[in-house]
Amino acid sequence: MTIALSHGGGGTVVSSNEPSTRVLVGTLDGVKIIERTEDGWASTGHTLIGRHVHAIVSEPASGLWFAGVRKGGVFASADEGLTWEERSDGLIDPDIYSLSTAVVDGKTMLYAGTEPANLFASDDLGLSWRELPGVKDAPTSEAWSFPAEPHVAHIKHINFEPGDPKTIYASVEVGALLRSRDSGQTWEELSGGLYMDVHRCIIAPTHPSRLYVTGGQGVWISDDAGVNWENPFNRGSEEGGYPDQLVFKPSDPDQMIVSAGRQSPGTWAKETAQARISRTRDGGKSWEVLSNNGLQDRFPHSVEAMTLEEAGDTVQIFAGTTGGAVLYSEDGGESWDTVLRGLSPISKGGHYVSLVGQPA
């Protein structure tokens, strides 16, 4: 089985019958194919060369894979990433930051989040796209921005309410957490004290009213579908003040893994990301930093992609960094190894730039 490791792709939590041995990795220089061999994990292929791949997602019914490219549209592959064809007709904003899929009323839908912050939908596997106009009508949309030039916000992550794919959550960096209950025709902004630098919203099927949000001020949790929020670790926490990737164990969603830089990217040129990976076993009430187990403590590069796959007793976690390394655990985070180095940066936008030259 093939799975994906990318910054803005859906399908970051996977349940499988057997552990996958092939991974499509979205990098600054295309898609790297890595496979498990007798000697460990190795790079075995390289496609979409020269394109910054932000997001990779699979569509199970068709067997197609989709890649979202920074300033380059969407591409589809029918052979698990070996060859690709562009499918961007109707994408008036082709700067793709996130991709996700859902089955709505028996029909496969593909969604693309862009910069400027906008959302597009396709009901024909990417052959044509239409803009979902309600996003731009959100109450605070005129104030959305991003600290780095050109100061334009983007939709960083797309998710769905478990059991109700018509309910979409769109994470706007920086601006809002949006929710639509009508497949993206109209939207509401969730506040309740939530800080509006939203990276991603994660929802476990066992707790559909519990929302987890990572962002520029830590991890936020709502137990009432976004009405009220708590901030169990924040900007000054030991786990890190700038969390991004967040995954959970399908059979026990209270076990979660998060990655976080010590501070926001504006500090990385002087201080590096000082990243940490942490774990909770109680649904986010308490966290433990994972170190002295193969992970360097406060390592310089940011973790910009993470995928967890549970297959029987095996829980594989893949984490990709701005230094072009793939960190790997096959025991749910108890121990880690750097299984690949020397890939192009795995990075959202220009996050890698201030960290160039740091040891991977």
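See the structure above.
Below or above, wherever it landed, is the structure these notes cover. On a predicted model such as this, the values are computed, not experimentally measured, just so you know.

**Quick word on the overall build of the protein chain**
- Looking only at helices and strands, the protein chain has one helix and 29 strands in total.
- Here the protein chain, with 360 residues, has 59% of them falling under the buried criterion.
- Relative to all contacts within the protein chain whose residues are 6 or more apart in sequence, the contacts with residues 24 or more apart total 47%.
- Total accessible area on the protein chain is roughly 13,700 Å²; 46% of this is exposed by carbon and sulfur atoms.
- One finds the centroid of the 27 positive side-chain charges in the protein chain at a distance of 4 Å from the centroid of its 48 negative side-chain charges.

**Observations concerning the environment of Asp137**
- Mapped onto the secondary structure, Asp137 falls in the loop between strand 13 (130-131) and strand 14 (154-161).
- For the pair Asp137 and Gly63, spaced 74 residues apart in sequence, the C-alpha to C-alpha distance is 35 Å.

**Here we look at the pattern of salt bridges**
- Under the criterion given, the structure shown has 20 salt bridges.
- Here Lys348 makes a salt bridge to Glu173, at a shortest N to O gap of 2.8 Å. With a gap of 175 residues between them, Lys348 in the segment after strand 29 (337-340) and Glu173 in strand 15 (residues 164-173) connect regions that are remote in the sequence. Take Lys348 and Glu173: they sit in the same class, and that class is buried.
- Across the pair Arg279 and Glu334 runs a salt bridge, and its minimum N-O distance is 3.0 Å. Of this pair, Arg279 sits in strand 24 (residues 276-280) while Glu334 sits in the loop between strand 28 (326-329) and strand 29, and the two are 55 residues apart along the sequence.

**Observations concerning the nonpolar core**
- Counting residues in each nonpolar core, the largest one holds 21 residues, and the members touching the most others are Tyr111, Leu119, Trp144, Ile155 and Leu178.
- Going through the elements one at a time, strand 10 (96-104), strand 11 (107-114), strand 12 (118-122), strand 14, strand 15 and strand 16 (176-180) are the ones with two or more residues in this core.
- The contact partners of Leu178, leaving out residues within four places of it in the chain, are Val135, Ala138, Trp144, Ile168, Tyr169, Ala170, Val172, Trp187, Glu188 and Glu189.

**With respect to the sheet that holds strand 3 (residues 22-27)**
- Overall, mixed pairing links the four strands, which are arranged 1-3-4-5 in an open sheet. Edge positions in the sheet fall to strand 1 (2-5) and strand 5 (40-47), since each of these pairs with one other strand and no more. When strand polarity is set aside, the average angle formed by the axes of neighbouring strands in this sheet is 25 degrees.
- When strand 3 meets strand 4 (residues 30-37), the two strands line up antiparallel, connected through six bridges. When the sheet's bridge partners are listed, Thr27 is paired in strand 4 with Gly30.

**Observations concerning empty space enclosed by the protein**
- Counted under the stated rule, the structure contains one cavity of 30 Å³ or more.
- What the largest cavity holds in volume is close to 60 Å³.
- Residue lining of the largest cavity: Tyr242, Asp244, Ser259, Ala260, Gly261, Trp268, Ala275, Ser302, Val303, Glu304 and His351, and that is the complete set.
- At the level of secondary structure, the elements contributing two or more residues to the lining of the largest cavity comprise strand 22 (242-249), strand 23 (252-261) and strand 26 (303-311).
- By residue number, the principal contributor to the lining of the largest cavity is strand 23, which donates three residues.
- Here the lining of the largest cavity is composed, by residue class, of five nonpolar, four polar and two charged.

Conventions adopted
Residues numbered from 1 in each chain as written. Predicted model: local features only at pLDDT ≥ 70, side-chain atom pairs only at ≥ 80, totals over all residues. Heavy atoms only, no water. Helix = DSSP H or I, 4+ residues; strand = E, 2+ residues; numbered from the N terminus. Buried < 20%, exposed > 50% of the residue type's maximum accessible area, 1.4 Å probe, protein only. Contact = heavy atoms within 4.5 Å. Areas by Shrake-Rupley, 256 points an atom, 1.4 Å probe, with all protein chains shown as cover. Lys, Arg positive; Asp, Glu negative; His and termini not counted. Charge placed at Lys NZ, Arg CZ, Asp CG, Glu CD. Salt bridge = Lys/Arg side-chain N within 4 Å of Asp/Glu carboxyl O. Core = buried A, V, L, I, M, F, W, Y, C linked by side-chain atoms within 4.5 Å. Pairing = 2+ DSSP bridges. Axes fitted to C-alpha atoms, helices over the stretch in contact; angles between N-to-C directions. 1 Å grid on protein atoms, 1.4 Å probe; cavity = no way out; pocket = protein on both sides within 12 Å on 5 of 7 lines; lining within 4 Å. Points joined across faces, edges and corners; volume = space filled by probe spheres on them. Nonpolar A, V, L, I, M, F, W, Y, C, P; charged D, E, K, R; others polar.

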